[in-house]
Amino acid sequence: MRPAARSPENDPVQPRPVYTRTAVALHWLVALLIAAGFTLGATMTDLHMSPRKLKLYSYHKWIGITVLGLVLIRLLWRLTHPAPPDEPMPRWQRIAAHVTHWLLYALMIVTPMVGWLYTSAAGYPVVYLKLWQLPDLVSKNKQLADVLVQVHGLLAWTLLWVVVLHAAAALKHHFFDRDATLRRMLAWQRPAKPGA
C-alpha cells in the first residue's frame with residue numbers, strides 16, 4: 001500500500017507558500033508611510049501658519065506621492081506575481097478578505113490622488129522632494145479646493161479604518177485561528193516553488 005502523499009500543511013520540512021520578498025518589502029514600507037502620512041495630516045491642520053506648518057505640509061505631500069507610486073508598483077507586482085493560496089477559512093471570510101484587499105488598493109490610490117487634486121485647486125504646487133514640480137491636475141479653484149479637502153479627509157479616515165480592520169483580521173488569524181495568514185507577510189524567504 002502506497003503511503004499517503006504529504007501536503008505542505010502537515011509537512012514540517014516542506015516550506016509553506018509565502019509572499020515574495022518584493023511584496024513583503026512593499027507591503028510594510030507602504031504601511032509605515034501611510035501611518036506617517038496620516039499622523040502628519042491629523043496634526044498639521046491644527047497648527048498656526050508658520051514655516052514649520054508649511055514644511056509639514058510638504059512632507060505630507062511627499063509621503064502621499066510616494067505611497068501612490070509604490071502602490072502602483074505593488075499592484076503591478078501583484079498582478080504579475082499572484083499571492084499564495086488562501087489559508088483554509090469559511091467562504092464569507094475569503095470573500096471579505098479579497099474585498100478588503102482591493103478596497104485598500106483603491107483607497108491607497110484615490111486618497112493621494114484627491115490630495116494632489118486639492119493641492120492643485122488650492123494653488124499650491126507639489127514639488128516632490130524639493131526636486132521635481134509635478135503638474136497641476138486642475139486649475140486654481142477655491143470652491144473646488146474646499147470640496148476636495150473634505151473628500152481627502154474622509155478618504156484618509158476611511159483608509160485608516162480599513163487598515164485597522166485588515167490588521168485586526170490578520171491578528172485574529174494569527175492568534176485565534178493559528179494559521180499562516182500573517183506569517184506569510186512576515187516571512188523573508190524565497191517562496192516555495194509549486195510541486196517542490
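Cut-off values and rules
Residues numbered from 1 in each chain as written. Predicted model: local features only at pLDDT ≥ 70, side-chain atom pairs only at ≥ 80, totals over all residues. Heavy atoms only, no water. Phe/Tyr/Trp six-rings, centres within 6.5 Å; stacked < 30°, edge-to-face > 60°. Helix = DSSP H or I, 4+ residues; strand = E, 2+ residues; numbered from the N terminus. Buried < 20%, exposed > 50% of the residue type's maximum accessible area, 1.4 Å probe, protein only. Patch = residues over 30% accessible without salt bridge, like charges linked within 9 Å, V, L, I, M, F, W, Y side chains within 5 Å. Areas by Shrake-Rupley, 256 points an atom, 1.4 Å probe, with all protein chains shown as cover. Salt bridge = Lys/Arg side-chain N within 4 Å of Asp/Glu carboxyl O.

*Asks:* I tried to follow the packing of aromatic side chains on my own but got confused; where do I start?
*Replies:* Each aromatic ring pair is specified by the distance between its two centres and by the angle formed by the two planes. The final tally for this structure, using the stated rule, is 4 aromatic pairs. On the basis of an interplanar angle of 35° and a centroid distance of 5.2 Å, the ring pair of Trp-102 and Tyr-105 is categorised as tilted. Placement of both Trp-102 and Tyr-105 in helix H3 (residues 91–122) is noted, with a separation of 3 residues, approximately one turn of the helix. Judged by its relative accessible area of 5%, Tyr-105 is buried. Look at Tyr-128 and Trp-132: their rings are 6.3 Å apart centre to centre, the planes differ by 25°, and that puts the pair in the stacked class. Take Tyr-128: its relative accessible area is 17%, and that puts it in the buried class.

*Asks:* So what exactly am I meant to see when it comes to a nonpolar patch on the surface here?
*Replies:* On the surface, a nonpolar cluster with roughly 340 Å² of combined accessible area is contributed by Leu-129, Leu-131 and Trp-132. Mapped onto the secondary structure, Trp-132 falls in strand E2 (residues 132–133).

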